[in-house]
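Chain by chain, the residues:
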Amino acid sequence: MEKNYHPSKNTIFSLAIGMKLNIDETAKLLDSAGYAFTSASKIDLIVQYFLYHKKYDIFAINEVLDKYELDIL
C-alpha cells in the first residue's frame, strides 16, 4: 500500500455506505480525511439524502448521481 495514500471524497462516501454509517459517523470519517459535507455539492446532498433515509444501496445512489450527470461512487 502506498504510504502517502489519500482517499478521494467519493471513496470515503463509498466506505461510509458500505459500512452503513449514519450522517454523523460519515461526517467524522470525512473529517478524518480532511473533507466535510458541503451544501454547494450536489453529490454531497444526494449522499446525505440516502444516508439520512438509511438507504445504503450504492447502485441506487449511483443511478441518481448518473441521472444528474455527476461522478458515480
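Each value, and the rule that gives it
Residues numbered from 1 in each chain as written. Predicted model: local features only at pLDDT ≥ 70, side-chain atom pairs only at ≥ 80, totals over all residues. Heavy atoms only, no water. Axes fitted to C-alpha atoms, helices over the stretch in contact; angles between N-to-C directions. Helix = DSSP H or I, 4+ residues; strand = E, 2+ residues; numbered from the N terminus. Left-handed = near helix turned anticlockwise from the far one by under 90°. Contact = heavy atoms within 4.5 Å. Nonpolar A, V, L, I, M, F, W, Y, C, P; charged D, E, K, R; others polar. Phe/Tyr/Trp six-rings, centres within 6.5 Å; stacked < 30°, edge-to-face > 60°. Buried < 20%, exposed > 50% of the residue type's maximum accessible area, 1.4 Å probe, protein only. Salt bridge = Lys/Arg side-chain N within 4 Å of Asp/Glu carboxyl O.

**Student:** Break down the packing of helix H1 (residues 9–18) against helix H2 (residues 23–32) for me, citing the residues and quoting the values.
**Tutor:** Between H1 and H2, the shortest axis-to-axis distance is 10 Å and the interhelical angle comes to 145°. Seen from above, H1 lies across H2 with right-handed handedness. Where H1 abuts H2, its residues Lys-9, Ile-12, Phe-13, Leu-15 and Ala-16 lie against Thr-26, Leu-29 and Leu-30. Class assignment for the residues of the contact of H1 with H2 results in six nonpolar, one polar and one charged.

**Student:** Tell me about the packing of aromatic side chains, and name the residues and values.
**Tutor:** Under the criterion given, the structure shown has two aromatic pairs. Ring centres of Phe-13 and Phe-37 lie 5.8 Å apart, and the angle between their planes is 20°; this geometry places the pair in the stacked category. With Phe-13 in helix H1 and Phe-37 in the loop between H2 and helix H3 (42–52), this pair connects stretches of sequence that are 24 residues apart. Residue class for Phe-13 comes out buried when judged on its relative accessible area of 0%.

**Student:** Mind laying out the side chain of Thr-26, listing which residues take part and the relevant values?
**Tutor:** Position of Thr-26 relative to the elements: it lies in helix H2. What makes Thr-26 buried here is its relative accessible area of 0%. Not counting chain neighbours up to four residues away, the residues in contact with Thr-26 comprise Phe-13, Ala-16, Leu-21, Phe-37 and Leu-51.

**Student:** Explain the pattern of salt bridges to me, and be specific about the residues and the numbers.
**Tutor:** This structure, assessed with the given rule, holds one salt bridge. A salt bridge links Asp-44 to Lys-9; the shortest N-O distance between them is 2.6 Å. Placement of the pair is Asp-44 in helix H3 and Lys-9 in helix H1, with a sequence separation of 35 residues. The class of Asp-44 is buried, set by a relative accessible area of 2%. Since its relative accessible area comes to 18%, Lys-9 is described here as buried.

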